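# Close look at the chain arrangement
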Amino acid sequence: MPTDDPATTRSPARVLALSGAVAVVLTVVLVGGLDLVRLSDSTHHLRRTISEYALGPHRWVFDTGVVLLVLGSLAILAVLVGRGVSRWNSVGAIAFAAWSVGLTLVVVFPKNNWAVGPSMSGSIHRFGSLLAFVSLPIAAMLLARPWVRDAAWGAHARWAFRFGALSALAFTPLLYAILVDAVVGTAWWRVFPLGYIERVLVLTEVVAVFVVGVWACAVSSRPRPVPAGQPGYSPSSTSR
């Protein structure tokens, strides 16, 4: 039975990919844990956005979770680029980096505290959220698309593409709410229970990042691949 080369399993790329995937899991544990603790009292708080936690005593938990997600995403992207799955200047890689930039803005600029009123910080926070939510589905699908028929990475790519598409689908209720706001005048955050919709969207996108992270872990232990359609590609070149 073939075994992994110990030097490969301890390679910097392998460590980076594993660290990225673990960081994503820790984000779910930290931020999801806040919801579980609050659920013991009431489900009413779930109607509020997740970033509401940044306005209370649990801000450090929320911020730590999001920062781990940013660092984990960047680590995963670095492995995918370093191992030849994508290029830094590709649209997929840029969109994945934009996801991380958007999350960083969410942490640095907390949402509006409506007990005080609108703020510049809140406006930047909203832009960062929108940037992250839009960028991740694009990133997952475009990173995966060249590999969906690949002998070695096709399964990973297809799962990444599916969760990217699912993330895009999960974003459509927010688009509908914004359209209702523009046409009818009903405030977009009142069309749906925003907290519920956001949690479904965030969970879907975080799982998509984790799926890409698992792909990065697999890639980190193999030779640099060549995508189908590029010079030097052959099914055997990616399955060695």
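Residues numbered from 1 in each chain as written. Predicted model: local features only at pLDDT ≥ 70, side-chain atom pairs only at ≥ 80, totals over all residues. Heavy atoms only, no water.

### With respect to the confidence of the model for the protein chain
This prediction gives the protein chain a mean pLDDT of 85; 85% of its residues lie at or above 70. Here helix α9 (residues 235-239) is the element of the protein chain with the lowest mean pLDDT, 39, and helix α4 (residues 91-108) is the one with the highest, 97. Contacts of residues 1-8 to residues separated by more than four positions or lying in other chains number four contacts, the stretch itself having pLDDT below 50. Counting contacts from residues 228-240, a segment whose pLDDT is below 50, to residues more than four positions away or on other chains yields 25 contacts. (pLDDT = per-residue confidence, 0-100. Helix = DSSP H or I, 4+ residues; strand = E, 2+ residues; numbered from the N terminus. Contact = heavy atoms within 4.5 Å.)

### Some details on the environment of Gly65
Following the sequence through the fold, Gly65 ends up in helix α3 (residues 59-82). Measuring from C-alpha to C-alpha, the distance between Gly65 and Val31 comes to 6.2 Å, with 34 residues separating the pair along the chain.

### Considering the environment of Leu26
With respect to the helices and strands, the residue Leu26 is situated in helix α2 (residues 12-39). Residue Leu26 is classed as partly exposed on the basis of its relative accessible area, which comes to 40%. In this structure the C-alpha to C-alpha distance between Leu26 and Leu68, which are 42 residues apart in sequence, comes to 7.4 Å. (Buried < 20%, exposed > 50% of the residue type's maximum accessible area, 1.4 Å probe, protein only.)

### Digging into the pattern of salt bridges
For the structure shown, the criterion picks out three salt bridges. The shortest N-O distance in the salt bridge between Arg199 and Asp35 comes to 2.8 Å. Placement of the pair is Arg199 in helix α8 (residues 194-219) and Asp35 in helix α2, with a sequence separation of 164 residues. The two residues Arg199 and Asp35 agree in class, both being buried. Here Glu52 makes a salt bridge to Lys111, at a shortest N to O gap of 3.1 Å. Here the residue Glu52 occupies a position in the loop between α2 and α3, and Lys111 occupies one in the loop between α4 and α5 (120-144), the gap between them amounting to 59 residues. Since its relative accessible area comes to 28%, Glu52 is described here as partly exposed. (Salt bridge = Lys/Arg side-chain N within 4 Å of Asp/Glu carboxyl O.)

### Side note on α8
Over its 26 residues, α8 runs 37 Å from end to end, which matches the ideal 38 Å to within 8%, given 1.5 Å per residue. Among the 26 residues of α8, 19 are classified as buried, and the element is accordingly described as predominantly covered. (Expected span 1.5 Å × (residues − 1).)

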